[in-house]
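# Analysis of the macromolecular model
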Amino acid sequence: MSNGKRKQRSGKPDLPPYRHVRSAAAWTRCLRRLQVEPRIAVDLEANSMYAYQEQVCLIQISIPGQDYIVDPLADIDLGQFGALIEDESVEKVFHAAEYDLILMKREFGWELRNLFDTMWAARILGYERIGLANILEDIYQVSLNKRFQRANWCKRPLSKAQLAYAQADTHYLLGLRDYFAEALEQAGRMVEAQEIFAEQSIIAVPDISFDPDGFWSINGVHRLPAHSKAALQALYLYRDKEARRRDQPHFKILHDKTLLELAQELPEHKGALQNVRGMSRGQISRYGDEILRIVRETRDAPAPRRPRQPPRPPEDVLGRYERLHTWRKERGQARGVESDVIVSRDALWEIARLNPQTREELARVQNLGPWRLEEYGDEILSVLAEGR
């Protein structure tokens with residue numbers, strides 16, 4: 001759809017045929033089309049709810065007149081697509097790009113350049129309903145079926161209904177991009193949006209490796225007695241071992257709340273496991289013997305030592321951050337946008353730590369771009385001066 005303002009009478013998406021790319025030959029033809037386009041819409045599907053280590057299972061790409069659904073699990077070389085992702089001359093249109101950019105960087109090493117994020121465009125313009133389904137309903141009067149939101153996208157074969165669902169995630173994005181670009185220009189917000197898009201493209205991939213001390217973050221752990229903490233630690237390590245072996249996410253082995261209750265109750269026989277919330281018959285059958293062994297062996301164990309926590313920021317830094325945080329909230333409310341549209345949280349912390357006193361010093365803040373410096377610089381310096 002080329003015109004972002006077009007409305008459909010029907011609530012169901014009216015989608016043209018897509019191309020399902022599953023072979024090297026089909027991928028070559030697809031790339032040939034993509035490489036002459038100045039702008040492409042992209043979305044990714046992963047299997048985070050079904051695997052120990054998530055992976056990219058589907059790549060949806062739209063250009064004017066054609067939607068592609070690319071199977072990255074097929075025998076195709078994605079290297080040239082990575083070159084497109086990193087090509088500054090090609091604009092990539094996403095909706096809520098952050099998670100997809102993390103997936104791409106972690107799995108393929110790609111670093112996206114030249115982003116237009118329709119979700120961020122909506123936020124900058126003060127939209128309250130910023131989910132793709134909400135925006136499509138508001139602008140195109142199209143209702144997306146959310147049936148496959150939690151589908152296992154790495155399971156093959158994919159049904160026609162799944163593929164149609166995936167197609168809809170990018171089919172409308174180029175039209176949305178044009179719609180929001182016009183709105184941003186009219187509102188005088190395009191330069192601000194471009195600065196935010198560039199910031200959103202800089203991705204720090206979070207460390208998702210298993211942390212053996214992660215059980216300390218389970219809600220309620222600090223109320224446990226010493227021997228129960230030892231049991232919780234051992235159960236936490238056992239759950240990770242099973243998740244790796246079965247290639248499943250942790251919550252599909254045992255929920256955090258179940259681990260905590262096991263550590264609280266310290267069951268001595270399988271009958272007692274039936275009274276633990278979250279323990280199904282299948283889980284008791286699969287894990288019951290090992291759970292009972294762990295409880296038995298840790299009954300008299302000393303409490304594990306909690307890792308040292310990061311030092312608390314100095315009081316003057318905390319004070320500056322709180323004043324900046326209050327200013328940002330009030331500025332956002334006055335403009336009718338969420339506060340992080342004004343300035344990011346990371347930028348607030350950096351400003352609070354550096355405590356700049358001049359425009360030149362404020363310009364050294366890495367997370368504060370030129371547009372924000374010009375728009376909010378004097379206000380930020382005034383807030384900082386009030387605390388001196």
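Data block above holds the structure.
Okay, so let's go over this structure. This structure is a prediction, so every number in the text was calculated from the model and none was measured. Within any chain, residue numbers begin from 1 and follow the written order of that chain's sequence. At least 70 in pLDDT is required for a residue's local features to be given in this predicted model, at least 80 for side-chain atom pairs to be given and counted, and no such filter applies to totals for whole chains, interfaces and linings, which use all residues. Think of the side-chain values as coming from all heavy atoms in the structure, minus any hydrogens and water.

What follows covers the overall build of the protein chain. Assigned secondary structure in the protein chain consists of 18 helices and 6 strands. The C-alpha extent of the protein chain, read off along each of the three principal axes, is 70 × 65 × 40 Å. A simple rule labels every residue: compare its accessible area, found with a 1.4 Å probe on the protein chains alone, to the largest value its type can have, and call it buried under 20%, exposed over 50%, or partly exposed in between. Split into buried and exposed, the 388 residues of the protein chain put 48% on the buried side. Within this scheme the basic residues Lys and Arg register as positive and the acidic residues Asp and Glu register as negative, but His and the chain ends are omitted. Think of each charge as sitting on NZ of Lys, CZ of Arg, CG of Asp or CD of Glu. Side-chain charges in the protein chain split into 57 positive and 57 negative, and the spacing between the mean points of these groups amounts to 6 Å. By the criteria applied, helices consist of DSSP H or I runs no shorter than four residues and strands consist of E runs no shorter than two, each listed in order from the N terminus.

Okay, helix α14 (residues 315-335) next. Across its 21 residues, α14 extends 30 Å between first and last C-alpha, which sits within 8% of the 30 Å expected from 1.5 Å per residue. V317, L318, R320, Y321, L324, W327, R328, G332 and R335 are the residues of α14 that are buried. The contact criterion used is simple: two residues touch if any of their non-hydrogen atoms lie within 4.5 Å. Summarising the contacts, the buried residues of α14 are in contact with α4 (118-124), α8 (190-201), α15 (339-342), α16 (345-354) and α18 (370-386). Within two residues after α14, G336 carries a phi angle of roughly 85 degrees, on the positive side. By this rule the span expected of a helix is its residue count minus one, scaled by 1.5 Å.

This part covers the pattern of salt bridges. What counts as a salt bridge is simple: a side-chain nitrogen of Lys or Arg found within 4 Å of a carboxyl oxygen of Asp or Glu. On inspection of all chains with the given rule, the structure shows 28 salt bridges. Its salt-bridge partner being D240, residue R244 comes within 2.9 Å of it at the nearest N-O pair. Within this pair, R244 and its partner D240 are both found in helix α9 (residues 226-246), separated by 4 residues, close to a single helical turn. E374 is paired through a salt bridge with R359; the nearest N and O atoms lie 3.7 Å apart. Of the two residues, E374 sits in helix α18 while R359 sits in helix α17 (residues 359-362), which places them 15 residues apart along the sequence. Linked by salt bridges that have partners in common, R39, E91, R177 and D178 make up one network.

Right, let's get into a positive patch on the surface. Residues R19, R29, R32 and R33 make up a contiguous surface patch of positive charge. Structurally, R32 is set in helix α1 (residues 24-34). The exposure class assigned to R32 is exposed, which follows from its relative accessible area of 52%. Nonpolar side chains (Val, Leu, Ile, Met, Phe, Trp, Tyr) are joined into patches within 5 Å and like charges within 9 Å, using only residues with over 30% relative accessible area and no salt bridge. Accessible surface is estimated by sampling points in the Shrake-Rupley manner with a 1.4 Å probe; for residues, cover comes only from the protein chains shown.

Pairs of cysteine sulfur atoms within 2.5 Å are what we label disulfides. Enumeration over the complete set of coordinates arrives at 1 disulfide. What pairs with C57 in a disulfide is C154, and their sulfur atoms sit 1.9 Å apart. Judged by the sign of its S-S torsion, about -90 degrees, the bond between C57 and C154 is left-handed. Within this pair, whereas C57 is found in strand β3 (residues 56-63), its partner C154 is found in the loop between α5 (132-140) and α6 (160-171), the two being separated by 97 residues in sequence. Judged by relative accessible area, C57 falls into the buried class, the value being 0%. Judged by relative accessible area, C154 falls into the buried class, the value being 18%. Sulfur of C30: no disulfide; nearest cysteine sulfur belongs to C57 and is 18 Å away.

Before going further, it helps to spend a moment on the packing of aromatic side chains. Aromatic rings from Phe, Tyr and Trp, with only the six-membered ring used for Trp, were paired whenever their centres fell within 6.5 Å, and each pair was classed as stacked if the ring planes differed by under 30 degrees, edge-to-face if by over 60, and tilted otherwise. This structure, assessed with the given rule, holds 16 aromatic pairs. Ring centres of Y179 and F180 lie 5.5 Å apart, and the angle between their planes is 80 degrees; on these two criteria the pair is classed as edge-to-face. Taking the relative accessible area as the measure of exposure, F180 reaches 0% and is therefore buried. Among the aromatic residues, those joined into a cluster by ring pairs are W27, F81, F108 and W110. Here, over-ring charges are defined by two tests on the NZ atom of lysine or the CZ atom of arginine: distance to the ring centre within 6 Å, and angle to the ring normal within 35 degrees. One Lys or Arg, R123, reaches over the ring of W120 and ends 4.6 Å from the middle of that ring.

Okay, the pairing of strand β5 (residues 91-94) next. Residues of β5 alternate between two faces, with E91 and V93 on one and K92 and F94 on the opposite face, all of them buried. Judged from the 3 bridges that link them, strand β2 (residues 39-46) and β5 form a sheet pairing that is parallel. Paired with A41 across the strands is V93, a residue of β5. When DSSP locates at least two bridges between a pair of strands, those strands are taken to pair. As defined by bridge partners, β5 adjoins strand β6 (residues 115-117) across 3 bridges and the pair is classed as parallel. Looking at the pairing, F94 lines up with D117 of β6.

Ranked by internal contacts, the top residues of the largest apolar core, which has 84 residues, are W27 and F81. With 7 residues, α18 is the single largest residue contributor to this core. Counting residues in hydrophobic clusters, the runner-up holds 27 residues, among them L224, L235, A243 and L292. Residues belong to one nonpolar core when they are buried, are Ala, Val, Leu, Ile, Met, Phe, Trp, Tyr or Cys, and are joined through side-chain atoms within 4.5 Å.

Summarising the element assignment, S89 is placed in the loop between α2 (79-86) and β5. For the pair S89 and P38, spaced 51 residues apart in sequence, the C-alpha separation works out to 7.0 Å. Not counting residues within four places of it along the chain, the set of residues in contact with S89 comprises P38 and N114. Here the side chain of S89 touches D87 through a polar contact of 2.7 Å, side chain to side chain. Distance and chemistry together define a polar contact, namely a pair of N or O atoms within 3.5 Å, with one atom able to donate a hydrogen and the other to accept it when in protein, and with adjacent residues in sequence counting only for side-chain atoms on both sides.

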